[in-house]
Amino acid sequence: MEIDAPVVADGPELYRITRDSAVLDVNSSYAYLLWCRDFSQTSAVARVDGAVVGFVTGFIRPDAPDTLVVWQIAVDASQRGGGVAGKLLNHLVDRVLGRGVRFLETTITPDNTASIKLFSALARDRAAEINSSELFTADLFPDSHLGEDLYRIGPFDAA
């Protein structure tokens, strides 16, 4: 497996993996193309034999340049359970540390135990604090979306 920055041509695969997950919020196909172009340095894709099998998308918060926000992380069904998501997260954190990033934030619905375990493991493995708090309550969403809790991990050791 190889992990690197996405390119625009990866956008359709990010869309497919998200759609096929049947649990993630699916953005427009156009959004994934833009993500692969405009946020490639704060995102990563995992490839097996050249095919995209997982991804993590993120951005640096404009009002907090020491904070990477992870937007989505997903792994193709054929690769789940093999540690791909953890490898993607660690690769991305390592890549952005040189840009002054010391914290990671993400939002997770309270029922998403897999994501909670994934980000908790990242914090544990990097000896970083993890804190959670309510961020967006369900009543803020115009559809039947659950609330989203904010998870903040860090500071990361730059060494």
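Residues numbered from 1 in each chain as written. Predicted model: local features only at pLDDT ≥ 70, side-chain atom pairs only at ≥ 80, totals over all residues. Heavy atoms only, no water.

Engineer: Help me understand the packing of aromatic side chains in this model?
Structural biologist: In this description, a pair of aromatic rings is defined by centroid distance and the angle of the planes. All told, the structure shown has six aromatic pairs when counted by the stated rule. By the ring-pair criterion, three or more aromatic residues cluster together here, those being Trp-35, Phe-39, Phe-59 and Trp-71. When the ring centre of Phe-156 is taken as origin, the NZ or CZ atom of Arg-126, which lies over that ring, is 5.9 Å away. (Phe/Tyr/Trp six-rings, centres within 6.5 Å; stacked < 30°, edge-to-face > 60°. Lys NZ or Arg CZ within 6 Å of the ring centre and 35° of its normal.)

Engineer: I tried to follow the layout of surface pockets on my own but got confused; where do I start?
Structural biologist: Empty space among the atoms becomes visible once a probe the size of a water molecule is rolled across them. In this structure, the largest pocket occupies an estimated 1300 Å³ of space. Leu-24, Ile-73, Thr-107, Asn-112 and Ser-115 are, among the 41 residues lining the largest pocket, the residues nearest its centre. Mapped by element, the contributors of at least two residues to the lining of the largest pocket are helix 1 (11–21), strand 3 (51–61), strand 4 (64–75), helix 3 (84–97), strand 5 (103–108), helix 4 (113–125), strand 6 (130–136) and strand 7 (148–153). Of the residues assigned to the lining of the largest pocket, the class counts are 21 nonpolar, 14 polar and six charged. (1 Å grid on protein atoms, 1.4 Å probe; cavity = no way out; pocket = protein on both sides within 12 Å on 5 of 7 lines; lining within 4 Å. Points joined across faces, edges and corners; volume = space filled by probe spheres on them. Helix = DSSP H or I, 4+ residues; strand = E, 2+ residues; numbered from the N terminus. Nonpolar A, V, L, I, M, F, W, Y, C, P; charged D, E, K, R; others polar.)

Engineer: Would you take a moment to explain the nonpolar core for this structure?
Structural biologist: One recurring pattern in soluble globular proteins: nonpolar side chains tend to sit buried together. Counting residues in hydrophobic clusters, the biggest one holds 27 residues, and the most contacted among them are Val-56, Ile-73, Leu-89, Leu-104, Phe-119, Ile-153 and Phe-156. Breaking this core down by element, the ones donating at least two residues are strand 2 (44–48), strand 3, strand 4, helix 3, strand 5, helix 4 and strand 7. At eight residues, the largest contribution of residues to this core is made by helix 3. If we skip the residues at most four places from it in the chain, Val-56 touches Ser-43, Ala-44, Val-70, Gln-72, Ile-73, Leu-88, Leu-89 and Leu-92. Core analysis: the next-biggest nonpolar cluster, separate from the first, contains eight residues, Cys-36, Val-45, Phe-55 and Ala-74 among them. (Core = buried A, V, L, I, M, F, W, Y, C linked by side-chain atoms within 4.5 Å. Buried < 20%, exposed > 50% of the residue type's maximum accessible area, 1.4 Å probe, protein only. Contact = heavy atoms within 4.5 Å.)

Engineer: When you look at the packing of helix 1 against helix 2 (residues 29–38) in this model, what are you seeing that I'm missing?
Structural biologist: A pair of packed helices is captured by two measures, namely the crossing angle of their axes and the spacing between those axes. Interhelical geometry of helix 1 versus helix 2 gives an angle of 130° and a closest axis separation of 8 Å. One way to sum up the angle between helix 1 and helix 2 is to call them oblique. The two elements helix 1 and helix 2 cross, and the hand of that crossing is right-handed. The residues of helix 2 that touch helix 1, namely those facing Gly-11, Pro-12, Leu-14, Tyr-15 and Thr-18, are Ser-29, Tyr-32, Leu-33 and Cys-36. Grouping the constituent residues of the contact of helix 1 with helix 2 by class yields six nonpolar, three polar and no charged. (Axes fitted to C-alpha atoms, helices over the stretch in contact; angles between N-to-C directions. Parallel < 35°, antiparallel > 145°, perpendicular 65-115°, else oblique. Left-handed = near helix turned anticlockwise from the far one by under 90°.)

Functional significance is not addressed by these values, which are geometric in nature.
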